[in-house]
Amino acid sequence: MPTYDWNIKTWGETYNWRQEGEEWSSAWGNSETQWFGTLLPRLHRFLPCENVLEIAPGFGRWTKFLLPLTIGRYVGVDISESCIVHCNEKYKSDNSSFFQNDGFSLKQVWGQKYDLIFSFDSLVHAEINILN
Ligand SMILES: C[S@@+](CC[C@H](N)C(=O)[O-])C[C@H]1O[C@@H](n2cnc3c(N)ncnc32)[C@H](O)[C@@H]1O
């Protein structure tokens, strides 16, 4: 399982985000087909909803679908500074914000309540001590 250091280096330094993660949806054609064909059928009972937390949005492959389905507040938390910078540039609005976390905690959202906490294709990169 990749370590904390691997995640910091890979997603913040070495990974080429040119396609913004679309490359991971190529088996479906693109992220839109994957969202509507595979993810939304499993999530539709929970969406739209008031407040959404996305853990590890990366460059926002799923953020762009979650935002229009968030009535109140959307928050994205990612370990990678470059992901947060990108998401802040592309997706920040009056009801959305993005924070860099320390990779182990969700301090920025402690005490807040969310109707949906979403993460996909990300926690597979986290070791058990991070998940704990
Ligand atoms: C393969 S990318 C997936 C990004 C996005 N979820 C997607 O599906 O396109 C993995 C993401 O997980 C983030 N990540 C890895 N470990 C993390 C942790 N402990 N806390 C928060 N984000 C983490 C990375 O920075 C990266 O953005």
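Residues numbered from 1 in each chain as written. Predicted model: local features only at pLDDT ≥ 70, side-chain atom pairs only at ≥ 80, totals over all residues.

A. Molecular detail of the overall build of the protein chain. Looking only at helices and strands, the protein chain features five helices and four strands. In terms of overall dimensions, the protein chain is globule-like: its C-alpha atoms have a radius of gyration of 14 Å, near the 14 Å expected for 132 residues. Principal-axis analysis of the C-alpha atoms places the extent of the protein chain at approximately 40 × 35 × 30 Å. For the protein chain, with 132 residues in total, the buried portion stands at 23%. Sequence separation of at least 24 residues holds for 57% of the intrachain contacts in the protein chain that already meet a minimum separation of 6. (Helix = DSSP H or I, 4+ residues; strand = E, 2+ residues; numbered from the N terminus. Rg over C-alpha atoms; globule rule 2.2 N^0.38 Å. Buried ≥ 20, exposed ≤ 12 C-beta atoms within 10 Å, placed from the backbone. Contact = placed C-beta atoms within 7 Å.)

B. Just the nonpolar core, in detail. Counting nine residues, the largest nonpolar core is built from Trp 35, Val 52, Leu 53, Trp 62, Leu 66, Tyr 74, Val 75, Val 77 and Phe 118. A total of three residues in this core trace back to one element, the largest contributor, which is strand 2 (residues 74-78). In this view, Val 77 contacts Ile 55, Phe 99, Asn 101, Leu 106, Gln 108 and Val 109; residues no more than four positions away in its chain are not counted. (Core = buried A, V, L, I, M, F, W, Y, C linked by C-beta atoms within 7 Å.)

C. Expanded view of the environment of Asn 95. Within the fold, Asn 95 resides in the loop between helix 4 (81-91) and strand 3 (96-100). Asn 95 gets classed as partly exposed once you count the C-beta atoms within 10 Å, which come to 14. Between the C-alpha atom of Asn 95 and that of Asn 51, which follows or precedes it by 44 residues, the distance is 9.5 Å. Setting aside anything within four residues of it in sequence, one finds Asn 95 in contact with Thr 70, Gly 72, Arg 73 and Tyr 74.

D. Representation of the site of the ligand in the model. Inspection of the region around the ligand gives 21 residues, with Trp 11, Gly 21, Ala 56, Gly 58 and Arg 61 positioned closest. Taken together, the residues of the shell around the ligand break down into ten nonpolar, eight polar and three charged. (Near = placed C-beta within 6 Å. Nonpolar A, V, L, I, M, F, W, Y, C, P; charged D, E, K, R; others polar.)

E. Local environment of the environment of Tyr 4. Among the structural elements, Tyr 4 can be located in helix 1 (residues 4-14). For Tyr 4, a count of 15 C-beta atoms within 10 Å translates into the label partly exposed. Taking the C-alpha atoms as reference, Tyr 4 lies 25 Å from Leu 116; in sequence the two are 112 residues apart. Apart from residues lying up to four places away in sequence, Tyr 4 is in contact with Gly 103 and Ile 130.

F. The arrangement of the pairing of strand 3 in detail. With five bridges joining them, strand 2 and strand 3 adopt parallel strand pairing. In the strand pairing of strand 3, Asp 78 is matched with Gln 100. Following the backbone out of strand 2, through helix 4 and into the adjacent parallel strand 3, one traces a crossover that is right-handed. (Pairing = 2+ DSSP bridges. Right-handed = clockwise from strand over helix to strand, strands pointing away.)

G. Region of the structure containing the sheet that holds strand 2. The strand order across the open sheet built from four strands is 3-2-1-4, with neighbouring strands paired in parallel fashion. Every interior strand has two partners, whereas the edge strands, strand 3 and strand 4 (116-118), have only one. Going across the sheet, the axis of each strand differs from the next one's by a mean of 15 degrees, ignoring polarity. Direction of pairing for strand 1 (residues 52-55) relative to strand 4: parallel, over a ladder of three bridges. Residue pairing in the sheet places Leu 53 in a bridge with Ile 117 of strand 4. (Axes fitted to C-alpha atoms, helices over the stretch in contact; angles between N-to-C directions.)

None of the figures reported here should be taken as evidence of function without further support.
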